[in-house]
Amino acid sequence: MRQLPPQSNPTFGFSDSPFGECCLAFSNDGICALTFPESREGAFIDLEHRFPETDFKRDDKRVTRIIRQIFEGGKIPELNPIGTEFQQSIWRALQQIPKGKTTTYAQIAEAIGRPKAVRAVGTAIGANPIAYLIPCHRVTKSDGGIGGFRWGLECKKKILDWEKK
DNA sequence: ATAAAGGCCACCC
DNA sequence: GGGTGGCCTTTAT
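Owing to the predicted nature of the structure, the values given are computational and were not obtained by experimental measurement.

J.: Please provide a residue-by-residue account of the protein's contact with DNA strand C, values included.
T.: The local shell around DNA strand C consists of T84, F86, Q87, R114, K116, A117, R119 and A120. In DNA strand C, atoms within 4 Å of the protein come 74% from sugar and phosphate. One nitrogen or oxygen atom from the side chain of R114 is found 2.4 Å from a phosphate oxygen belonging to DNA strand C. Contact distances for DNA strand C include 2.7 Å between a base oxygen and a side-chain N or O atom of R119. Of all the elements in the fold, those that place two or more residues in the surface near DNA strand C are α3 (85-94) and α5 (118-126). Here the surface near DNA strand C is built from residues that sort into 3 nonpolar, 2 polar and 3 charged.

What follows is the structure, given as structure tokens:
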């Protein structure tokens, strides 16, 4: 996993996915964003806000190709999620959860050696920039509830169901 | 610097 | 089921 601002060949675009339309952004250093936004407008604002220095070129064709690789071919491109040390450690932990399994926010806190930081873990998971590939959807509440999802609970449920089979 | 807001949890009622 | 206090990081004043 890298940690570089997306400066070389920054590209973004939209494509259909099994879970609705998604927005993908990447550079030569890997994927820096994958979201399931409500609107294209909102998704772009979000990008601009997170990378004010970067001028992304739009290329839906390329995006569609990559999205296919991800959801149909199962091929995982290089990731470049940008965040604080704390966030990185959590996003790393998320990638250890096998497909079809789930954990709880508390267990993630335990896994990174900060058992008391449960709440902060929730916030950090909510800040996950690369949906699906960093499987934040596989984390649920300790009391059996499903927990939150930045792009809508319906979406989280859909992904979980889809992964179960 | 400080405050306010979180995808939580355990404990109470 | 619901409410409360504690815990910890991030972001916005």
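J.: Could you give an account of the nonpolar core, naming the residues involved and the relevant values?
T.: Core analysis: the largest hydrophobic core is formed by 35 residues, its most contacted members being F36 and L94. Residue assignment places this core across two domains, with domain 1 (11-73) and domain 2 (85-164) each supplying three or more. Excluding anything up to four places from it in sequence, F36 contacts S17, F19, G20, E21, C22, F71, A131, W151, C155 and I159. Ranked by size, the runner-up nonpolar core spans 10 residues in total, among them C23, A33, A43 and F56.

J.: So what's going on with the protein's contact with DNA strand B? Residues and values would help.
T.: Around DNA strand B, the structure places 17 residues, and the nearest of them are R119, G126, S142, G148 and K156. For DNA strand B, a phosphate oxygen lies 2.7 Å from a polar atom in the side chain of S142. A distance of 2.8 Å separates a base nitrogen of DNA strand B from a polar atom in the side chain of K156. Looking at the surface near DNA strand B, the elements that each hand over two or more residues are α4 (105-111) and α5. Sorting elements by how many residues they give to the surface near DNA strand B places α5 first, with 7 residues. In terms of residue class, the surface near DNA strand B is built from 8 nonpolar, 5 polar and 4 charged.

J.: Can you explain the packing of α3 against α5? Please cite residues and give values.
T.: One can describe the packing of α3 onto α5 by two numbers: an axis separation of 9 Å at closest approach and a directional angle of 80°. For the element pair α3 / α5, the angle class is roughly perpendicular. Contacts from F86, Q87, I90, W91 and L94 of α3 reach α5 at A120, V121, A124 and I125. Class assignment for the residues of the contact of α3 with α5 results in 8 nonpolar, 1 polar and no charged.

J.: Break down the domain arrangement of chain A for me, with residues and values.
T.: According to the domain assignment, chain A contains domain 1 (11-73) and domain 2 (85-164). For domain 1 versus domain 2, the distance between C-alpha centres works out to 21 Å. Contacts between domain 1 and domain 2 engage 12 residues on the former and 11 residues on the latter. Both sides together, the interface formed by domain 1 and domain 2 hides about 1100 Å², and carbon and sulfur atoms give 73% of it. Linking domain 1 to domain 2 there are 1 salt bridge. Between R150 and D46 there is a salt bridge, with the nearest N and O atoms lying 3.3 Å from each other.

Rules behind the numbers
Residues numbered from 1 in each chain as written. Chains lettered and ligands numbered in written order. Predicted model: local features only at pLDDT ≥ 70, side-chain atom pairs only at ≥ 80, totals over all residues. Heavy atoms only, no water. Near = heavy atom within 4 Å. Polar contact = N/O pair within 3.5 Å; in protein donor to acceptor, adjacent residues only side chain to side chain. Helix = DSSP H or I, 4+ residues; strand = E, 2+ residues; numbered from the N terminus. Nonpolar A, V, L, I, M, F, W, Y, C, P; charged D, E, K, R; others polar. Core = buried A, V, L, I, M, F, W, Y, C linked by side-chain atoms within 4.5 Å. Buried < 20%, exposed > 50% of the residue type's maximum accessible area, 1.4 Å probe, protein only. Domains from an automatic or database assignment. Contact = heavy atoms within 4.5 Å. Axes fitted to C-alpha atoms, helices over the stretch in contact; angles between N-to-C directions. Parallel < 35°, antiparallel > 145°, perpendicular 65-115°, else oblique. Buried area = accessible area lost by both parts, 1.4 Å probe. Salt bridge = Lys/Arg side-chain N within 4 Å of Asp/Glu carboxyl O.

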